[in-house]
Amino acid sequence: MKLVVAIVRPEKLTDVLEALFRAEVRGLTISRVQGHGGETERVTTYRGSTVKMELSEKVRLEIGVSDHFVEPTVGAILTAAQTGEVGDGKIFVLPVERVYRIRTAERDEAAVTPVG
Ligand SMILES: Nc1ncnc2c1ncn2[C@@H]1O[C@H](COP(=O)(O)OP(=O)(O)OP(=O)(O)O)[C@@H](O)[C@H]1O
Ligand SMILES: [Mg+2]
């Protein structure tokens, strides 16, 4: 299994969710986050010290998938989240050691396969 972590523009979230639904991706977690991706620097104050760090609002998606789902998941996000301008975001694919579905105590592949 893998955990696909994608940081995308908030205004692209609806498109990304639609593309993921079309790719038959079902379980996911979304958070609103702030990130830095090397944008033009500006002086801000953080805990009393002056730092140069532009932060932008982004959306973080976490999607646990079995290995054969990685490419369709990544492909859906790449297509739906791209504007071609700097700041489109990042996709990370992380190895996952175990997954449990709490309701049934199923694990691994069985636990990431959508039910119903
Ligand atoms: N190396 C990184 N590690 C973790 N998060 C990152 C990393 N790079 C970018 N991000 C996240 O992705 C968001 C968007 O980054 P961004 O799209 O600017 O990446 P980039 O590599 O600089 O690409 P671009 O050249 O298009 O700007 C950031 O605000 C941050 O939340
Ligand atoms: Mg950047």
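Our subject is the structure that appears above.
Everything quoted here is computed from the prediction, not taken from an experiment.

## So, the pattern of salt bridges
Scanning the entire structure with this criterion turns up 6 salt bridges. The residue D15 makes a salt bridge to K12 at a minimum N-O spacing of 3.7 Å. Judged by relative accessible area, D15 falls into the partly exposed class, the value being 35%. With a shortest N-O distance of 2.9 Å, R101 and E106 are connected by a salt bridge. With relative accessibility at 17%, the residue R101 sits in the buried group.

## Regarding the sheet that holds strand β1 (residues 2-8)
Spatial strand order, β2-β5-β1-β6: 4 strands in an open sheet with antiparallel pairing. Only two strands of the sheet have a single neighbouring strand rather than two, namely β2 (29-35) and β6 (90-95). Strand-to-strand twist across the sheet, computed as the mean angle between neighbouring axes with direction ignored, equals 25°. In terms of strand pairing, β1 meets β6 through 6 bridges, oriented antiparallel. Its bridge partner lying in β6, K2 is registered against P95. Helix-sheet contacts for helix α1 (residues 13-22) involve β2 and β5 (56-65), and the interaxial angle to β5 is about 10°. Here helix α2 (residues 70-81) sits on the sheet in contact with β1, β5 and β6, set at roughly 5° to β1.

About the criteria used
- Residues numbered from 1 in each chain as written.
- Chains lettered and ligands numbered in written order.
- Predicted model: local features only at pLDDT ≥ 70, side-chain atom pairs only at ≥ 80, totals over all residues.
- Heavy atoms only, no water.
- Salt bridge = Lys/Arg side-chain N within 4 Å of Asp/Glu carboxyl O.
- Buried < 20%, exposed > 50% of the residue type's maximum accessible area, 1.4 Å probe, protein only.
- Pairing = 2+ DSSP bridges.
- Helix = DSSP H or I, 4+ residues; strand = E, 2+ residues; numbered from the N terminus.
- Axes fitted to C-alpha atoms, helices over the stretch in contact; angles between N-to-C directions.
- Contact = heavy atoms within 4.5 Å.

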